[in-house]
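Report on the structure
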Amino acid sequence: MLLDHVIIEVKAGDGGNGCISFHREKYVANGGPDGGDGGRGGNVVFEIDKGKNTLLDYRYHRKFAAENGENGKASKCHGKNGADLVLRVPEGTLIKDPDSGAVIKDMSRCEPYVFLRGGNGGWGNRHFATPTRQIPRFAKNGLPGKSARVLLELKMLADVGLVGLPNVGKSSILSKISPALKLPIMNLQRFLPIWVWLRWETKAMDLWWQIFRDSLRAPARAKDWDMRFCGMWIVVVCFCMW
């Protein structure tokens, strides 16, 4: 099954809190504050996975959160930084704002993109010691990580689209130009686009074929996806029966 767009919620990790601690050791008087700093929260990173060609992994699991940073500890121990949340998407995925539709990032042949940065860790009480305030009994809390809703949309789905009324020969043409001879899934649903991916490899051609069924019979239901895909096809073959 192909899923071309999905809205997910992501959240960067919260920073760890600073520690309130004082050095205690035998024969050491007035050890002073030694509270460690909190760890940094994990980032939300998008990364291209060339082995993927669909967003199906995000259909049922749509809320993601990076790991929070650990709190600081005594003896000036720094808290552990939170692990980054790496979301792998197919090449050509657009990261958009779901409200305005603005493109945030085009994941096409690019390095991993840090979408949200985790919150910084808080300072331990050792940072607040001064000659006039030698026993600070407070520390700084970590900053919360940012959260956002994003729309993931595949920019490229097919090289050639076959659009037409039912029983006009779309399956027959596809059976002649590809190794697939039987496509029972085509006639299972009505008024909905049926996604059928077939690989046709020759020495000079490597195309992805995509079939849309009943796109002309039900324009009211097809209008939502019709405008979205028209700009993505290199060639569109239309079949009409007059």
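A few points on the structure. (Residues numbered from 1 in each chain as written. Predicted model: local features only at pLDDT ≥ 70, side-chain atom pairs only at ≥ 80, totals over all residues. Heavy atoms only, no water.)

This part takes up unusual backbone geometry. Positive phi values are uncommon outside glycine, yet Tyr27 reaches one of about 70 degrees. By secondary structure assignment, the location of Tyr27 is in the loop between β1 (5-11) and β2 (44-48). With phi around 60 degrees, Lys76 is a residue other than glycine that occupies positive phi space. Looking at the element boundaries, Lys76 is found in the loop between β3 (63-65) and β4 (85-89). Classification of Lys76 by relative accessible area gives exposed; the value is 52%. (Helix = DSSP H or I, 4+ residues; strand = E, 2+ residues; numbered from the N terminus. Buried < 20%, exposed > 50% of the residue type's maximum accessible area, 1.4 Å probe, protein only.)

Two pairing modes exist for strands in a sheet, parallel and antiparallel, and in both the strands are linked by backbone hydrogen bonds. The strand order across the open sheet formed by five strands is β3-β1-β8-β5-β6, and the pairing between neighbours is mixed. At either end of the open sheet lies a strand with only one pairing partner, and these are β3 and β6 (103-107). Looking at each pair of strands side by side, their axes are set apart by 25 degrees on average, direction ignored. Looking at chain direction, strand β5 (residues 93-96) and strand β8 (residues 147-154) are connected through four bridges and run antiparallel. Paired with Leu94 across the strands is Glu153, a residue of β8. (Pairing = 2+ DSSP bridges. Axes fitted to C-alpha atoms, helices over the stretch in contact; angles between N-to-C directions.)

This next bit is on the environment of Ser21. Counting through the fold element by element, Ser21 comes out in the loop between β1 and β2. With relative accessibility at 10%, the residue Ser21 sits in the buried group. Between the alpha carbons of Ser21 and Lys76 there is a distance of 8.7 Å; along the sequence they are 55 residues apart.

Before going further, it helps to examine the nonpolar core. Ranked by size, the top nonpolar core spans 21 residues in total, and within it Ile8, Val10, Phe46, Tyr58, Leu87 and Leu152 carry the most contacts. If you list the elements that add at least two residues to this core, you get β1, β2, β4, β7 (113-116) and β8. (Core = buried A, V, L, I, M, F, W, Y, C linked by side-chain atoms within 4.5 Å.)

Before going further, it helps to spend a moment on the environment of Arg59. On the secondary structure map, Arg59 appears in the loop between β2 and β3. According to the relative accessible area criterion, Arg59 is partly exposed, its value standing at 27%. For the pair Arg59 and Ile8, spaced 51 residues apart in the sequence, the C-alpha separation amounts to 8.8 Å.

Across all of its chains, the model carries five aromatic pairs by this definition. Consider the rings of Phe46 and Phe115, whose centres lie 5.7 Å apart with planes at 75 degrees: the pair is edge-to-face. With Phe46 in strand β2 and Phe115 in strand β7, the pair connects residues that are 69 residues apart, well separated along the chain. Like Phe115, Phe46 is buried. Between Trp123 and Phe128 the ring centres are 6.3 Å apart and the planes differ by 50 degrees, which places this aromatic pair in the tilted class. Within the aromatic cluster, the residues linked to one another by ring pairs are Phe46, Tyr113 and Phe115. (Phe/Tyr/Trp six-rings, centres within 6.5 Å; stacked < 30°, edge-to-face > 60°.)

Going residue by residue along β4, you find Leu85, Leu87 and Val89 tucked away on one face and Val86 and Arg88 left uncovered on the opposite face. Bridge analysis of β2 against β4 gives five bridges, and the strand direction is parallel. Following the sheet pairing, Glu47 is matched in β4 by Arg88.

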